[in-house]
Amino acid sequence: EYGGEPQPTGTTYFIPAAALAAGAAGSFFQTDVDINNTGDADVTYTIQWLPRGEDNSNPVTSDEFTLAAGASMRYVNVLEDVFGASPDVVGGLAVVADMDTLIVISRTYNLTDEGTFGQAIGGIPAADLIMEGDTERINFMSQDDALRANLGCANGSMNPVNINIDLFDDAGTMLETKTMALGPYGNNQINRIFRDYAPTNGYADVSSATAGAMYYCYGSVLDNGTSDPTTIMPAQYGMNNMIFIPAAALASGAAGSFFQTDVDINNAGSGMATYQFAWLPRGEVNSTPAMSDSFTLDAGASVRYVNVLEEVFGAAPDVAGALYVMTDVADLGVMTRTYNVADEGTFGQAIPGVNLDHFLGEGDMGRIIFMSQDDALRANLGCVNGTMSDLQIAIDLYDADGNMLETKGMSLPAYGNSQINRIFRDYAPVNGYADVHSATAGASFYCYGSVLDNATSDPTTILPQ
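Q: What should I look at first to understand the overall build of the protein chain in this one?
A: Looking only at helices and strands, one finds two helices and 38 strands in the protein chain. Expected size for 465 residues packed as a compact globule is a radius of gyration near 23 Å; at 21 Å, the protein chain falls within 12% of this value. C-alpha extents for the protein chain along the principal axes are approximately 60 × 55 × 45 Å. A total of 465 residues make up the protein chain; the buried ones form 59% of that total. Long-range pairs, those at least 24 residues apart, make up 77% of the contacts in the protein chain with a sequence separation of at least 6.

Here it is as C-alpha cells:
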C-alpha cells in the first residue's frame, strides 16, 4: 500500500537472487528487474551487483539513473544490460535510491526453446529485513521425485552475519540446523536443502543471534521436470481469523493450459489449530459459501492439500474462484501453488494466503507493477471481496511513462471474486502497471497480478504494494 507525500530519506531495496547462469537439469536462468516510482517527485538511484559468496563491501555500482514520478523502468536481463556480465554469474542486487517511494520487482526465469518458466522476487526495503532475534518461517519446501527446494539468504549490512536454518518435517519434528555465514552484503543459496530427508514436505525457520543482524531469506521450489521455480517468501500472519486465498483453480486456461491448486497449511502456534475451508466460486454471490469439514493441525505441523478443490470439495473441472480459511488461531501460515499441468511437468506460481488484516480498505491504494502485454507475455488481474456487502473496485491502468490509459471497474458481490484476463490487451505492446482502489464504504479487498508466458502459460504472481 502506498500514498502520501514522499519522505525526505532514501532507502535500499535488496533483490536476494539474480542470475545469468546455468542451473540444474539443463536449465539456464536470467533476471529481469522492474522499478516503479510511486511518488510525485523524481527518484535518483543506482543498482549494485552483489556476487554470491563474496565480500561485497565495495560493490560494483551502475551509472546513476533517474525515474520520473509515476514512471516504470524495465531492465531485461539486468546483469548483462546494466553490468555487461556474461554467464555464469549468480548473486543478489541492491537498488540504492534517494527517496523511499520505489517499488522493485524482479523475475528470474529459466529460458527454453518453448518459452520461459519464472518466479517473481520482490525488492525488499531495508526496513523490512529480518533482524537479530527474529524468526521467520518458510513453508512449502518439498523434496521428492517431482519437486526440489532451495533456500537462499542475503545480508543487508556491512557486518558479517551468521544465519541459523532449522529444518522441520511436516509433523514439526526438527531434522537438523544448517548455518549460513555471509560477509558484508553477501548472499548464498543452499540447493536441495532437504535432500537428506526426501521425500518430505518440510519447512525452515531462519534466525540470527548476530548483533545488529539485517538479512533476508527466501525459498525457491522447482519442478524437477521443467526447472520452473516458485518463490516462497517468509510466512505472513495476522490477527483476523479469516485467511483468503485470492485465486484457486481446477480449470482449463488459455493456450491449451490446465491449472490446479495445492494448498499448504502450517501451524506456527503453540497449541492445536482448528480450521475450515470456504469455497468462493468466481462470479457468484458467496454470502453462504460451501464449507469443508473441520480439520485440526498440531502445533508445528504442516499439511498439504494436493489439488485442493478436488480433494476437499470433490470439485470437477472446470471451476475457478477463491478460498478462505476460517481458523481459531492467529499463527496459521497458508501458502498455495497454482500450476499449469503439462506432459513434461508443471509450471506454477505461489499465491500466499492473505489475512483479512492485510486487505486494502476504503480509500487505500495498491499498485501492481510488471504487467506486460506483448508477444511474449500476457497479464491478468484478479480481486476478491472480503466483505458480505457489494463492492466496487476501480482499476487504473498506466503505461511505463505513467500515462493513465483507462479506468476499468470490477463489481464484486458478497465474498465475490473475479479476474480480468489480458487486462492490457488494448494497449499492447506495453509494460504497464495498475492502481487498485475502492470508494465503497467499509471496503475490504485484495487484488493480484498474474503475468504468463504466452508459449508455456507459466504464471508469475505479482502482489500489490
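Q: What is the right way to look at a negative patch on the surface in this model?
A: Taken together, the side chains of Asp113, Glu114, Asp343 and Glu344 present a region of like negative charge at the surface. Take Glu344: its relative accessible area is 45%, and that puts it in the partly exposed class.

Q: Please clarify how the nonpolar core should be interpreted in this entry.
A: One broad trend across soluble globular proteins is that nonpolar side chains are buried collectively. In terms of nonpolar packing, the biggest core is built from 32 residues, with Met141, Leu151, Ile163, Ile165, Val206 and Cys217 touching the most fellow members. Put simply, the parts of the chain that give this core at least two residues each are strand S12 (135-143), strand S13 (147-155), strand S14 (161-168), strand S15 (174-182), strand S17 (200-207) and strand S18 (214-223). Apart from the residues lying within four places of it in its own chain, the contact partners of Ile163 are Cys153, Lys178, Thr179, Met180, Leu182, Val206, Ser207, Ser208, Tyr215 and Cys217. Among the nonpolar cores identified, the runner-up in size contains 30 residues, and Ile103, Ile105, Leu381 and Ala443 belong to it.

Q: How do you make sense of empty space enclosed by the protein when you look at a structure like this?
A: Empty space left among the atoms is revealed by rolling a probe the size of a water molecule over them. Under the definition given, this model contains one cavity of 30 Å³ or more. For the largest cavity, the calculated volume is near 30 Å³. Lining the largest cavity, in full, are Phe14, Ile15, Pro16, Leu50, Gly92, Leu93, Ala154, Tyr185, Gly186 and Asn187. Those elements giving two or more residues to the lining of the largest cavity turn out to be strand S1 (11-22) and strand S7 (89-97). It is S1 that provides the largest number of residues to the lining of the largest cavity, a total of three residues. The residue inventory of the lining of the largest cavity, partitioned by class, reads seven nonpolar, three polar and no charged.

Q: Before we go on, may I ask you to explain the sheet that holds strand S34 (residues 404-412) in this structure?
A: Neighbouring strands of a sheet are bound in pairs by backbone hydrogen bonds; such pairs are parallel or else antiparallel. What the four strands build is an open sheet, ordered S31-S36-S33-S34; its pairing is antiparallel. Both edges of this open sheet fall to strand S31 (365-373) and S34, since each of them pairs with a single strand only. For this sheet the average axis-to-axis angle between neighbouring strands, irrespective of direction, equals 25°. Inspection of the sheet shows S31 paired to strand S36 (residues 430-437) by seven bridges, in the antiparallel sense. Pairing of Gly366 across the sheet is with Val436, part of S36.

Q: What exactly am I supposed to notice about the pattern of salt bridges here?
A: Close approach of charged atoms allows side chains of opposite charge to pair. Applying the stated criterion across every chain, the model contains eight salt bridges. As a salt-bridge pair, Arg137 and Asp205 come within 2.7 Å of each other at their nearest N and O atoms. Highlighted residues: Arg137 in strand S12 and Asp205 in strand S17, separated in sequence by 68 residues. Across the pair, exposure class does not vary: Arg137 and Asp205 are buried alike. Among the salt bridges present, the one from Asp228 reaches Arg337, with a minimum N-O distance of 3.8 Å. Residue Asp228 is found in the loop between S18 and strand S19 (229-232), and its partner Arg337 is found in strand S27 (residues 332-342); the two are separated by 109 residues along the sequence. Like Asp228, the residue Arg337 is buried in the burial classification.

Q: Can you walk me through the sheet that holds S17 in this structure?
A: Pairing is antiparallel across the open sheet formed by four strands, whose spatial order is S12-S17-S14-S15. Edge positions in the open sheet fall to S12 and S15, since each of these has one partner strand only. The mean angle between the axes of side-by-side strands here comes to 25°, regardless of whether they run parallel or antiparallel. Here S14 runs beside S17; their pairing, made up of five bridges, is antiparallel. The residue bridging Leu167 from the neighbouring strand is Ala204, located in S17.

Parameters and conventions
Residues numbered from 1 in each chain as written. Predicted model: local features only at pLDDT ≥ 70, side-chain atom pairs only at ≥ 80, totals over all residues. Heavy atoms only, no water. Helix = DSSP H or I, 4+ residues; strand = E, 2+ residues; numbered from the N terminus. Rg over C-alpha atoms; globule rule 2.2 N^0.38 Å. Buried < 20%, exposed > 50% of the residue type's maximum accessible area, 1.4 Å probe, protein only. Contact = heavy atoms within 4.5 Å. Patch = residues over 30% accessible without salt bridge, like charges linked within 9 Å, V, L, I, M, F, W, Y side chains within 5 Å. Areas by Shrake-Rupley, 256 points an atom, 1.4 Å probe, with all protein chains shown as cover. Salt bridge = Lys/Arg side-chain N within 4 Å of Asp/Glu carboxyl O. Lys, Arg positive; Asp, Glu negative; His and termini not counted. Charge placed at Lys NZ, Arg CZ, Asp CG, Glu CD. Core = buried A, V, L, I, M, F, W, Y, C linked by side-chain atoms within 4.5 Å. 1 Å grid on protein atoms, 1.4 Å probe; cavity = no way out; pocket = protein on both sides within 12 Å on 5 of 7 lines; lining within 4 Å. Points joined across faces, edges and corners; volume = space filled by probe spheres on them. Nonpolar A, V, L, I, M, F, W, Y, C, P; charged D, E, K, R; others polar. Pairing = 2+ DSSP bridges. Axes fitted to C-alpha atoms, helices over the stretch in contact; angles between N-to-C directions.

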